[in-house]
Amino acid sequence: MASSSSSSSSLALIWLYHVFLSFRGEDVRKGFLSHVLKEFKSKGINVFIDNEIKRGESVGPELVKAIRHSRVGVVLLSRNYASSSWCLDELVEIMKCREEVGQTVMTIFYNVDPSEVRKQTGDFGKAFDETCVGRTEEVKRAWRQALNDVASIAGYDASNWFV
């Protein structure tokens, strides 16, 4: 269990997790993700991933709780990340926690160019546009801003990790 920490907000947070990992499962779950999780575990890093949600629990509130109670948000951006409204909603919450309570946010670009994420272009942009269909302007604006902000953080290019 992690310790309590105060932040720029007057609220003290209890860190339940070291890391909240946001990712698009279909892109990374069967390969890259297992390597990342193995490394975190070997270092004693407590990671929340969505398969830890108890069956029967409402997913949305559980994800928000896990994000808010994680010291670090790691956003694993991949080609199809923006095809998931869940991922985009997680990202908005992660970026909100970064701004409001100083949560550290790290980005990993996995087979996607940061500029495509920042500008929502290319295959990433197509996936984003499809996810935006039927959404309010407010939701689309929040998603765009979060994508722009997260892609502007100096991140890691996963292709540099494998030879």
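Sequence order as written defines the numbering, with residues in each chain counted from 1. Side-chain atom pairs in this predicted model are given and counted only at pLDDT of 80 or more, local residue features only at pLDDT of at least 70, and totals for whole chains, interfaces and linings cover all residues. Based on all heavy atoms of the structure, the side-chain values leave hydrogens and waters out of the count.

What to know about helix α2 (residues 32-42)
In this scheme, a residue with accessible area under 20% of its type's maximum is buried, one over 50% is exposed, and one in between is partly exposed, where area comes from a 1.4 Å probe on protein chains only. Each helix is a run of H or I in the DSSP string that is no shorter than four residues. Each strand is a run of E no shorter than two, and both are numbered from the N terminus. Among all positions in α2, only Phe-32, Leu-33, Val-36 and Phe-40 are buried. Down the axis of α2, the smallest arc covering the buried residues is 95 degrees, so these residues share one side. Facing away from the buried side of α2, by more than 90 degrees, are the exposed residues Lys-38, Lys-41 and Ser-42. Throughout, a contact is declared for two residues whenever any of their heavy atoms are within 4.5 Å. Tucked inside the fold, the buried residues of α2 contact β3 (17-23), α1 (25-28), β4 (47-48), β5 (70-78) and β6 (104-110). Of the residues one or two after α2, Gly-44 is the one with positive phi, at around 75 degrees. Working definition: the arc comes from the directions between the helix axis and the C-beta atoms, pointing outward to the latter.

Digging into the pattern of salt bridges
Here a salt bridge means any side-chain nitrogen of Lys or Arg lying within 4 Å of a carboxyl oxygen belonging to Asp or Glu. Following the criterion strictly, the structure yields six salt bridges and no others. Its salt-bridge partner being Arg-24, residue Glu-26 comes within 3.3 Å of it at the nearest N-O pair. Note on Glu-26: relative accessible area 56%, which makes it exposed. In this structure, Lys-96 engages Glu-93 in a salt bridge whose closest nitrogen and oxygen atoms are separated by 3.7 Å. In this pair, Lys-96 and Glu-93 both sit in helix α4 (residues 85-101), three residues apart, roughly one turn of the helix. Under the relative-accessibility criterion, Glu-93 is labelled buried at 9%. Salt bridges sharing common partners tie together Arg-68, Glu-93 and Lys-96.

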